[in-house]
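So you can see what is in the structure, the chains are spelled out below.
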Amino acid sequence: MDVLGIDIGGSGIKGAVVDVSNGVLLGERYRVATPKPCTREALAEAVASVIRYHNWSGPVGCGYPGVVHRGVLATAANLDKSLIGMDFPEAVQAACGVKPVIVNDADAAGLAEMASGSGKELRGTVIMVTIGTGIGTALFYNGKLVPNTELGHLELHGVDSERLASETARKESDLSWKKWAKNLSDYLNYLHALFAPEMIILGGGGLKKQEKFVEYLDIQCPYCWAKHGNLAGIIGAAATGMQA
Ligand code: BGC
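Residues numbered from 1 in each chain as written. Predicted model: local features only at pLDDT ≥ 70, side-chain atom pairs only at ≥ 80, totals over all residues. Heavy atoms only, no water.

Asker: Quick question: what am I supposed to make of the packing of helix α3 (residues 105-116) against helix α8 (residues 232-241) here?
Answerer: The description of two helices packed together rests on the angle between their axes and the distance between the axes. Following both chains from N to C, one finds α3 and α8 inclined at 90 degrees, their axes separated by 7 Å at the closest point. For the element pair α3 / α8, the angle class is roughly perpendicular. Taking contact as the criterion, the partners of Ala108, Ala109, Leu111, Ala112 and Glu113 in α3 are, on α8, Ala232, Gly233, Ile235, Gly236, Ala237 and Thr240. Here the contact of α3 with α8 is composed, by residue class, of seven nonpolar, three polar and one charged. (Axes fitted to C-alpha atoms, helices over the stretch in contact; angles between N-to-C directions. Helix = DSSP H or I, 4+ residues; strand = E, 2+ residues; numbered from the N terminus. Parallel < 35°, antiparallel > 145°, perpendicular 65-115°, else oblique. Contact = heavy atoms within 4.5 Å. Nonpolar A, V, L, I, M, F, W, Y, C, P; charged D, E, K, R; others polar.)

Asker: Is there a simple way to think about the site of the ligand in this case?
Answerer: In the region of the ligand, 13 residues are neighbours, and Asn104, Asp105, Glu150, His153 and Glu162 sit closest. At 2.6 Å from an oxygen atom of the ligand is found a side-chain nitrogen or oxygen belonging to aspartate 105. At 2.7 Å, a side-chain N or O of histidine 153 approaches an oxygen atom of the ligand. Protein coverage of the free-state accessible area of the ligand, which is 310 Å², stands at 94%. When contributions to the shell around the ligand are tallied by element, the ones reaching two or more residues are α3 and β10 (135-141). Partitioned by chemical class, the residues of the shell around the ligand number four nonpolar, six polar and three charged. A domain split of the shell around the ligand shows at least three residues from each of domain 1 (2-106 + 232-243) and domain 2 (121-225). (Near = heavy atom within 4 Å. Polar contact = N/O pair within 3.5 Å; in protein donor to acceptor, adjacent residues only side chain to side chain. Areas by Shrake-Rupley, 256 points an atom, 1.4 Å probe, with all protein chains shown as cover. Domains from an automatic or database assignment.)

Asker: Please explain α3 as it appears in this structure.
Answerer: A turn of α-helix holds 3.6 residues, and therefore any two residues three or four places apart point the same way. The terminal C-alpha atoms of α3 lie 17 Å apart, and with twelve residues this matches the ideal 16 Å at 1.5 Å per residue to within 8%. Of all the twelve residues making up α3, ten are buried; the element is thus mostly covered by neighbouring parts of the structure. Asp105, Ala106, Asp107, Ala108, Ala109, Gly110, Ala112, Glu113, Met114 and Ser116 are the residues of α3 that are buried. You can read the cap of α3 off the contacts: a side-chain oxygen lies 3.0 Å from the backbone nitrogen of alanine 106, and it is on asparagine 104. (Expected span 1.5 Å × (residues − 1). Buried < 20%, exposed > 50% of the residue type's maximum accessible area, 1.4 Å probe, protein only.)

Asker: Mind showing me how you'd approach the pattern of salt bridges here?
Answerer: One side chain can pair with another of opposite charge once the charged atoms of both are near each other. In this structure the tally under the stated criterion is four salt bridges. The salt bridge involving lysine 171 is made with glutamate 167; its shortest N-O contact spans 3.3 Å. A residue pair is termed a helical-turn pair when its members lie 3 or 4 positions apart in one helix, as lysine 171 and glutamate 167 do in helix α5 (residues 167-172) at four residues. The exposed category is assigned to lysine 171, whose relative accessible area is 52%. (Salt bridge = Lys/Arg side-chain N within 4 Å of Asp/Glu carboxyl O.)

Okay, structure coming up:
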């Protein structure tokens, strides 16, 4: 089945049509900038523009960088706080006539990895961690998702982990790759101490330049890279769009 998957991020909103039976992108990935300010109307219109670009009237699934309860946005760590309380599917339907499904972005990425990526054969506790504007997490037990875990906001060395180990933290605090890799290692080792996952799957746009930091990582637990890379968010969003 073909579904339009849309990944809403802190800087860009990206959409592509995905064959959800195998997690393969069927066409081009189209990106628009995340509106600033990101009001409810602006977000609905930006997502509608991605749907219109693909000339799409079929099922749509979206990943959102915050907690989502039955379509209603419940947090907005790195986006405008006015989004909290927005009924996202209703707003997008009002803008373009198509009603999407929406879930947390890291949950979407994790679902893609568990279905057709690095987590496919994994049982027990598995945590997907996405590194980008923020830090996203998806917690699985025997392949079943516990939705909306916000483990990127665990306190580490006295601050929100996102302030130390996200891509934004590296750029804004001008951290060397070595220092940032130390922060990321501390964070993942802390997750391991708390949850004892059998595997941590690492993904998100912030890990694209692996050659810059991989030698500095000191992770005391099993980990692997997301097979779908930064596309996991779109692929997983599409998979949830089938539930419409
Ligand atoms: C949000 C999470 C999100 C993550 C990645 C965090 O700031 O609180 O919900 O999954 O960023 O986008």
